[in-house]
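Overview (structure and organization)
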Amino acid sequence: MAPVRVILATGLAVASLSVDAFVSPRASTLVGRRAGCHAATSRPLHQRMRMADEDIVDAAEKATDGVAAAIKDGADSIGKAAMEGAKDVALAAKDRVSLGGVEVSPLGVGAWSWGDTVFWGYSEAMDKELQEVFGNCVGGGVNLFDTAEVYGVGRSEYLCGKFRRDYKGIDKNGIVIASNFAPLPWRLGRGSVVDACKASLDRMGAESMEIYQIHWPFGALNSRYWDGLADCVDQGLVKAVGVSNYGPEAVKDAHAALKARGVKLGSNQIQFSLANRKPETSGMLRLCEDLDVRVLAYSPLAQGLLTGKYSKDFVPSGPRGRVFKKKLPAVAPLVDKLKEIGTPRDKTPAQVSLNWCITKGTIPIPGAKNIRQADENCGALGWRLSEEEMFALDAAASAAGL
Ligand SMILES: NC(=O)c1ccc[n+]([C@@H]2O[C@H](COP(=O)([O-])OP(=O)(O)OC[C@H]3O[C@@H](n4cnc5c(N)ncnc54)[C@H](OP(=O)(O)O)[C@@H]3O)[C@@H](O)[C@H]2O)c1
């Protein structure tokens with residue numbers, strides 16, 4: 001019997017110790033109260049243990065309720081944040097404008113750097129990430145990708161076509177690829193536009209593309225190229241057409257010539273940013289609005305100058321470095337203003353710069369070399385700068401002599 005007693009006593013002691021260890025100070029007080037002010041110790045151990053058990057359950061239930069409430073609160077706020085994010089993306093996805101009948105997002109992506117080794121330092125090792133850049137942009141509500149036969153000598157077109165084919169998301173059918181015809185000196189007739197378009201489609205691995213643009217004007221040959229664009233539409237190779245780097249007179253002429261062929265001029269792609277507001281002061285934006293021609297704003301971040309990441313001690317390598325060194329002192333106060341306006345909105349200088357272009361009624365097409373840049377740039381969608389903020393940014397650009 002002795003060993004049994006020892007085991008029993010040891011078991012009870014351990015049980016009691018365990019109960020003490022689990023009963024919170026509050027539960028211990030409760031034990032005292034339930035005991036009707038009698039000293040808890042005056043009750044037999046098994047009774048005290050049962051009461052302590054009840055209090056443990058009681059305390060555990062309360063604690064569980066607390067944890068559950070905290071989890072619910074956390075879940076609610078996570079859910080709320082997710083809903084807000086989803087709402088932004090949904091809003092961005094719904095936000096579309098018509099470019100010659102093709103529905104495009106108010107923000108695009110420029111794919112010049114996807115293939116260009118000389119200016120942008122592209123290498124094939126970037127392709128895997130660029131595929132993700134493409135997917136993240138589509139997922140973030142952006143459906144417009146601008147490329148050109150001269151970007152990376154066709155590599156950019158090849159990548160855009162491949163990224164679209166490999167894209168697995170639900171918005172695949174809404175993706176818009178816009179390429180550019182290069183008016184090279186030996187391309188003398190309208191047939192050269194059709195031939196170049198077919199070659200671009202071959203590189204993309206596609207039967208047709210959404211938008212085809214003339215990359216720059218070329219004097220007397222312009223009207224032949226416009227006919228070439230209309231031929232591409234007639235042959236079902238492209239859905240909409242545009243021009244690029246055109247001045248007001250050329251835009252009016254192209255608009256009229258295409259109209260005579262039953263084709264709408266969809267866009268004029270020009271340099272426009274807080275660092276280059278000439279299209280606004282020259283009346284180009286107004287003209288395009290009157291003609292219902294969309295303005296695609298290229299270099300909307302002034303090739304990185306407006307992002308705030310460069311300084312006189314840190315400039316990009318390559319051809320941009322020299323130019324940036326000269327421009328940075330003037331741009332610095334403007335970047336400060338971008339930060340001042342962006343900070344309360346939780347937006348970066350790049351996002352504010354792009355939103356400024358959108359709020360001016362243009363479609364910026366920033367280049368993005370990596371996922372971080374692409375995701376950040378997508379954050380320019382789904383909101384608008386106020387009139388006061390736009391005014392302050394314009395004033396800061398003017399004060400900077402831009
Ligand atoms: N039609 C034409 O004649 C013409 C001419 C020029 C461009 N374009 C089109 O317009 C597109 C955009 O213009 P762009 O590439 O000249 O200039 P951009 O869009 O103003 O600048 C793009 C560069 O800025 C940097 N960047 C982009 N997003 C950023 C971010 N969130 N944070 C920090 N840095 C960021 C990247 O370069 P770093 O990381 O190296 O700084 C990127 O390559 C081109 O891809 C092309 O499709 C057309």
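Higher on the page you've got the structure.
In this report, the structure presented in the accompanying data block is examined. (Residues numbered from 1 in each chain as written. Predicted model: local features only at pLDDT ≥ 70, side-chain atom pairs only at ≥ 80, totals over all residues. Heavy atoms only, no water.)

1. Notes on the pairing of strand S5 (residues 176-181)
Put simply, the test is: Each residue's exposure class comes from its accessible area (1.4 Å probe, protein chains only) as a fraction of the maximum for that residue type: buried when under 20%, exposed when over 50%, partly exposed otherwise. Strands are runs of DSSP state E lasting at least two residues, helices are runs of H or I lasting at least four, and both sets are numbered from the N terminus onward. Orient the strands so they point away from the viewer; a crossover is then right-handed if the path from the first strand over the helix to the second runs clockwise. At least two bridges found by DSSP between two strands are what make those strands a pair.
With respect to burial, S5 is a largely interior element, 6 of its 6 residues being buried. Side chains Val176, Ala178 and Asn180 project from S5 onto one buried face, and the interleaved Ile177, Ser179 and Phe181 project onto a second face that is buried too. Read from strand S4 (residues 144-146) through helix H5 (residues 155-166) to S5, the crossover connection turns out right-handed. In this structure, S5 lies alongside strand S6 (residues 209-214), joined through 4 bridges in parallel fashion. In the strand pairing of S6, asparagine 180 is matched with glutamine 213.

2. Overview of the layout of surface pockets
Defined as follows: Cavity and pocket criteria rest on a 1 Å grid covering protein atoms alone: a 1.4 Å probe that fits but cannot get out defines a cavity, protein on both sides within 12 Å along at least 5 of 7 lines defines an open pocket, and an atom within 4 Å of a point defines a lining residue. Grid points are joined across faces, edges and corners, and a volume is the space filled by probe spheres set on the points. Residue type decides the class: Asp, Glu, Lys and Arg count as charged, Ala, Val, Leu, Ile, Met, Phe, Trp, Tyr, Cys and Pro as nonpolar, and the leftover types, Gly among them, as polar.
Of the volumes computed, that of the largest pocket is approximately 650 Å³. Taken together, 34 residues form the lining of the largest pocket, with Trp120, Gln303, Gly304, Pro366 and Gly367 sitting closest to its centre. Per element, the largest residue contribution to the lining of the largest pocket is 4 residues, and it comes from helix H13 (residues 371-378). Considered class by class, the residues forming the lining of the largest pocket number 13 nonpolar, 15 polar and 6 charged.

3. Description of unusual backbone geometry
You will see that alanine 302, though not glycine, has its phi angle at about 50 degrees, which is positive. Note on placement: alanine 302 falls in the loop between strand S9 (294-298) and helix H11 (319-342). Notably, glutamine 303 is not glycine yet its phi reads approximately 60 degrees, a positive angle.

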